[in-house]
Amino acid sequence: MTSSAMPPAAPAPNPASSLEVPPTGPVTAPLATPAATQAAPGTPMIAIDNVSKWYGDFQVLTNCTTATRKGEVVVVCGPSGSGKSTLIKCVNALEPFQKGQITVDGTQVANRKTNLPKLRSRVGMVFQHFELFPHLTITDNLSLAQRKVLGRGKDEAVAKGLALLERVGLKAHAHKFPGQLSGGQQQRVAIARALAMNPIVMLFDEPTSALDPEMVGEVLDVMVELAREGMTMMVVTHEMGFARKVANRVIFMDKGEIVEDAHKEDFFGSPRSERAQQFLSRILSH
Amino acid sequence: MFADFDFKVILNALPYLFLDGMTFTLTLTALAAVGGVVLGTLIAMMRLSGIPGLPQVAKIYVNFMRSLPLVLVIFWFYFLVPYIGQWLTGAERPIQVGAFSSSLITFTLFEAAYFSEIMRAGIQSIPKGQAAAASALGLTYWQSMGNVILPQAFRNMLPVLLTQTIVLFQDTSLVYVLSITDFLGAASKVAQRDGRLVEMYLFAAVVYFTICFIASLLVRRLQRRVAIIR
C-alpha cells in the first residue's frame, strides 16, 4: 500500500509550463537567481535515502526515502508529530540523523568531511517563526550572511538585499527592525533573506503556521511566484491550496514514516493509503 | 564624636583620595569588568557547548570560584602566584607580578565566574531558532555567536552585567588587604596618619554610596532604552 519509492520516471516538468500561468513576464526580474548546480534538470537535487532518526529510544523517523528533483516543488504534509519538520531539518543538517543518507546536489549531508556552513549557504530555509535577527535592521538581516558567508562587499550585499526586498513588496521597510513588521511581512523578509544567498533549493518549514489567517495569502503568493520561476522547493505545510496550485508531488507522513509519495493529481485524486485519505478528508472538509 | 568633625581634613586629602585612590579603583574596576565579561562569556560558551568535557571544566571552575571568599582569593593570588611563576619558569626567585597586576588577574578570574553565569542565562534566553536560522544561512559557530547570539545576549543582560560591575566596584575595596592605595586604601592611610578615622571612613562611605546609587539609577534608565523589540 505504501509507496516510499520515487514516483514513475516521468521527468518533472517545469512547474511554470505545466500551468496556464505564463512564466515571469519581461517587466519583473525573477525572484530567484540560483547559483549553478551540478544537477541537470530532472536529476535528484535532494536525495533522502532510508533515513532513520531517534531521540533516545523514541524513533522519530523510520526509513524515509524520497527525492526532490531539480525544479520540482514537493509538499510534505501530515498530522503534527509525524516527523515532517524533523525530516526537512535533516536536509540541511540542522537535525542529525542516525541511519541512512541525504545527498544535496551531490554532497552527502552527514559526511563528516562535508563543509556544512558551505552546504547550508546553498540551501535556503524559511522557518515557522521567521527567525529574523531582532537586533538588526531589515537591511542588515538581508546582508549579514551574504557578507560573512559569501564574502560579498557591503554595497553589493545591500543592493542585492534591497532588490529582493522590492520583489517581496517591502522596500519601504528596509530601515526598520523586524519587531516593527507584521508576521506576514517578517516572513516575506525571511524568504528574501534566504534568496539573497542564491540558494539552489529552498526548504520551507511550516512557513504560514504562525501567521494570522489574513497574512497567509501574502506569504503564499511569494512562494507561488518562486515555484513558478522554477525554484526547487521542499515545503512542509498544511496549505493544501498551495499544494494543489504549484506542487509537483505530495509526500504524506505519519508517525515518522513516508506513507505516500505521489504526484499531486494522484494524491488529491485517489490517495492510496487509508491514513492519507483520513487526513485529507479532515483537512479538506472545511 | 562629631564635636570636632573637621571637614578640612577631608578637603586636604581630596587630591590624594581621588587622583591616587579613585583612579586606581576605577581603573581596576573597568579592566576587571572587561576582562571578566570576556572570560565569563567564553566560560559560558564552554558550559553550553556540546563538546565532551568542556561543560564540566567550566562548571567546576565556576563553582570553585563561587565557593571561595574573595579576600582569600586575593591573598592567595598575591602570595602564591609569584611562587607558581617561579616554578613554571624555573626562575631563581619568585616572579613579582606587582600588586596591581595581581589584583587585576584576581578580579578578572573571580568575576568571570559570576559574569559567566549571567552570560549563560543571556545566551539561553535567545530562542533556539535564532541559532538555527544563523546556521541555515551558512554562518559558522563563531560567526553565529559573534553576529547573532552574543549581541542579543549582551543587550538582554546589559543591566545585570552593569549591576554586577557595581558590585565589583565595591569589591575592589578589598585590595586594602594588600596595602594597595585604592580609594578606601587612600582614605584609610590618611585616617591613620592624621588620626581622623571618623571623617575619612564616613567620607569614603558617602562617596561609595553616591557613586553606586547614581550608577544604579543610570542602569535602570538604560534598561528601558536597550530592550529589543520582538
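Residues numbered from 1 in each chain as written. Chains lettered and ligands numbered in written order. Predicted model: local features only at pLDDT ≥ 70, side-chain atom pairs only at ≥ 80, totals over all residues. Heavy atoms only, no water.

The name that an unreviewed UniProt entry assigns to chain B is Glutamate/aspartate import permease protein GltK, with the source organism given as Methylobacterium oryzihabitans. Under Function (unreviewed entry), UniProt gives the following word-for-word description of chain B: "Part of the ABC transporter complex GltIJKL involved in glutamate and aspartate uptake. Probably responsible for the translocation of the substrate across the membrane." Entered under Sequence similarities (unreviewed entry) in the UniProt record, the comment concerning chain B runs "Belongs to the binding-protein-dependent transport system permease family. HisMQ subfamily." (UniProt positions renumbered as here; feature names shortened; annotations may be inferred.)

### Looking at the overall build of chain B
A tally of helices and strands in chain B yields 8 helices and 0 strands. Along chain B, helices and strands appear, N-terminal first, in the series α-α-α-α-α-α-α-α. Taking the principal axes of its C-alpha atoms as reference, chain B extends roughly 70 × 55 × 25 Å. In chain B, 78% of the contacts between residues at least 6 apart in sequence involve partners at least 24 apart. As presented, chain B carries roughly 12200 Å² of accessible surface, and 68% of it is formed by carbon and sulfur atoms. Charge separation in chain B, taken as the distance between the mean sites of 16 positive and 10 negative side-chain charges, equals 18 Å. (Helix = DSSP H or I, 4+ residues; strand = E, 2+ residues; numbered from the N terminus. Contact = heavy atoms within 4.5 Å. Areas by Shrake-Rupley, 256 points an atom, 1.4 Å probe, with all protein chains shown as cover. Lys, Arg positive; Asp, Glu negative; His and termini not counted. Charge placed at Lys NZ, Arg CZ, Asp CG, Glu CD.)

### Overview of the interface of chain B and chain A
Much of the literature gives interface size as the accessible area that the parts lose upon coming together. Each partner contributes to the interface: chain B provides 20 residues, whereas chain A provides 21 residues. Interface area, chain B with chain A, both sides summed: about 1800 Å², of which 69% is carbon and sulfur. Across the contact surface, chain B and chain A share 0 salt bridges. Between the two partners, chain B and chain A, sit 5 residue pairs in polar contact (both at pLDDT 80 or more). Ranked by residue count, the leading element in the side of chain B that touches chain A is helix 5 (residues 128–136) of chain B, at 7 residues. Split by residue class, the side of chain B that touches chain A holds 10 nonpolar, 8 polar and 2 charged. (Buried area = accessible area lost by both parts, 1.4 Å probe. Salt bridge = Lys/Arg side-chain N within 4 Å of Asp/Glu carboxyl O. Polar contact = N/O pair within 3.5 Å; in protein donor to acceptor, adjacent residues only side chain to side chain. Nonpolar A, V, L, I, M, F, W, Y, C, P; charged D, E, K, R; others polar.)

### Looking at the UniProt feature "domain: ABC transmembrane type-1" (unreviewed entry) in chain B
Per the UniProt entry, the sites bearing "domain: ABC transmembrane type-1" (unreviewed entry) are residues 22–219 of chain B in this numbering. Regarding residues 22–219 of chain B, the helix share stands at 81% and the strand share at 0%, and the terminal C-alpha atoms are separated by 21 Å.

### Here's the deal with the packing of aromatic side chains
Throughout the structure, instances matching the rule amount to 15 aromatic pairs over all chains. Ring centres of Phe5 of chain B and Phe7 of chain B lie 4.9 Å apart, and the angle between their planes is 65 degrees; on these two criteria the pair is classed as edge-to-face. What makes Phe5 of chain B partly exposed here is its relative accessible area of 22%. We classify Phe7 of chain B as exposed; its relative accessible area is 59%. Their ring planes at 85 degrees and their centres at 5.5 Å tell us that Tyr141 of chain B and Trp142 of chain B sit as a pair that is edge-to-face. Ring-pair connections join several aromatic residues into one group, and the members of that group are Phe18, Phe169, Phe183, Phe203 and Tyr208 of chain B. The ring of Phe268 of chain A has Arg244 of chain A sitting right over it, with the charged end atom 4.5 Å from the ring centre. (Phe/Tyr/Trp six-rings, centres within 6.5 Å; stacked < 30°, edge-to-face > 60°. Buried < 20%, exposed > 50% of the residue type's maximum accessible area, 1.4 Å probe, protein only. Lys NZ or Arg CZ within 6 Å of the ring centre and 35° of its normal.)

### Concerning the UniProt feature "transmembrane region" (unreviewed entry) in chain B
Residues and elements named next belong to chain B. Annotation from UniProt places "transmembrane region" (unreviewed entry) at residues 24–46, 67–85, 97–115, 160–180 and 200–219. Secondary structure over residues 24–46 splits into 100% helix and 0% strand, and the C-alpha atoms at its two ends are 32 Å apart. The span residues 67–85 is 84% helical and 0% strand by assignment, and the distance between its end C-alpha atoms comes to 24 Å.

### With respect to the pairing of strand 10 (residues 257–263) of chain A
Residues and elements named next belong to chain A. Burial analysis of strand 10 places 5 of its 7 residues in the buried class, the great majority of the element. Here 6 bridges tie strand 9 (residues 249–254) to strand 10, and the two strands are oriented antiparallel to one another. Across the sheet, residue Asp254 finds its bridge partner in strand 10, namely Glu257. (Pairing = 2+ DSSP bridges.)

### Points about the sheet that holds strand 10 of chain A
Residue and element names in this part refer to chain A. Strand order in the open sheet formed by 6 strands is 6-7-8-3-9-10, with mixed pairing between adjacent strands. With partners counted over all chains shown, the strands left at the sheet margins are strand 6 (123–126) and strand 10, one partner each. Here the average twist between neighbouring strands, direction ignored, is 15 degrees. As defined by bridge partners, strand 6 adjoins strand 7 (residues 201–205) across 4 bridges and the pair is classed as parallel. What sits directly across from Gly124, in strand 7, is Met202. (Axes fitted to C-alpha atoms, helices over the stretch in contact; angles between N-to-C directions.)

### A look at the side chain of His173 of chain A
Structurally, His173 of chain A can be placed in the loop between helix 4 (154–167) and helix 5 (183–195). Setting aside anything within four residues of it in sequence, one finds His173 of chain A in contact with Ile138, Leu181 and Gln185 of chain A.

### Quick word on a positive patch on the surface
Taken together, the side chains of Arg220, Arg221, Arg224 and Arg225 of chain B present a region of like positive charge at the surface. In this structure, Arg220 of chain B sits in helix 8 (residues 197–226). (Patch = residues over 30% accessible without salt bridge, like charges linked within 9 Å, V, L, I, M, F, W, Y side chains within 5 Å.)

### Concerning the pattern of salt bridges
Inspection of the entire model under this criterion finds 19 salt bridges over all chains. Between Asp254 of chain A and Arg275 of chain A there is a salt bridge; the shortest N-O distance is 3.0 Å. With a gap of 21 residues between them, Asp254 of chain A in strand 9 and Arg275 of chain A in helix 9 (residues 274–284) connect regions that are remote in the sequence. Judged by its relative accessible area of 33%, Arg275 of chain A is partly exposed. The residue Glu117 of chain B makes a salt bridge to Arg120 of chain B at a minimum N-O spacing of 3.2 Å.

### A closer look at helix 5 of chain A
In this model, helix 5 of chain A (13 residues) spans 18 Å end to end at C-alpha, consistent with the 18 Å of a helix rising 1.5 Å per residue. Across the 13 residues of helix 5 of chain A, 13 count as buried, placing the element largely inside the fold. (Expected span 1.5 Å × (residues − 1).)

### Focus: unusual backbone geometry
All names here are of chain A. Residue Asn50 is not a glycine yet carries a positive backbone phi of 55 degrees. Looking at the element boundaries, Asn50 is found in strand 1 (residues 44–55). The phi torsion at Asn63 lies on the positive side, around 45 degrees, for a residue other than glycine. Inspection of the secondary structure assignment puts Asn63 in strand 2 (residues 58–69). Given a relative accessible area of 36%, Asn63 falls into the partly exposed group.

### Points about a nonpolar patch on the surface
Among the surface-exposed residues, Phe75, Trp76, Phe79, Leu80, Tyr83, Ile84, Trp87 and Leu88 of chain B lie close enough to one another that they form a single nonpolar patch of about 910 Å² accessible area. The class of Ile84 of chain B is partly exposed, set by a relative accessible area of 35%.

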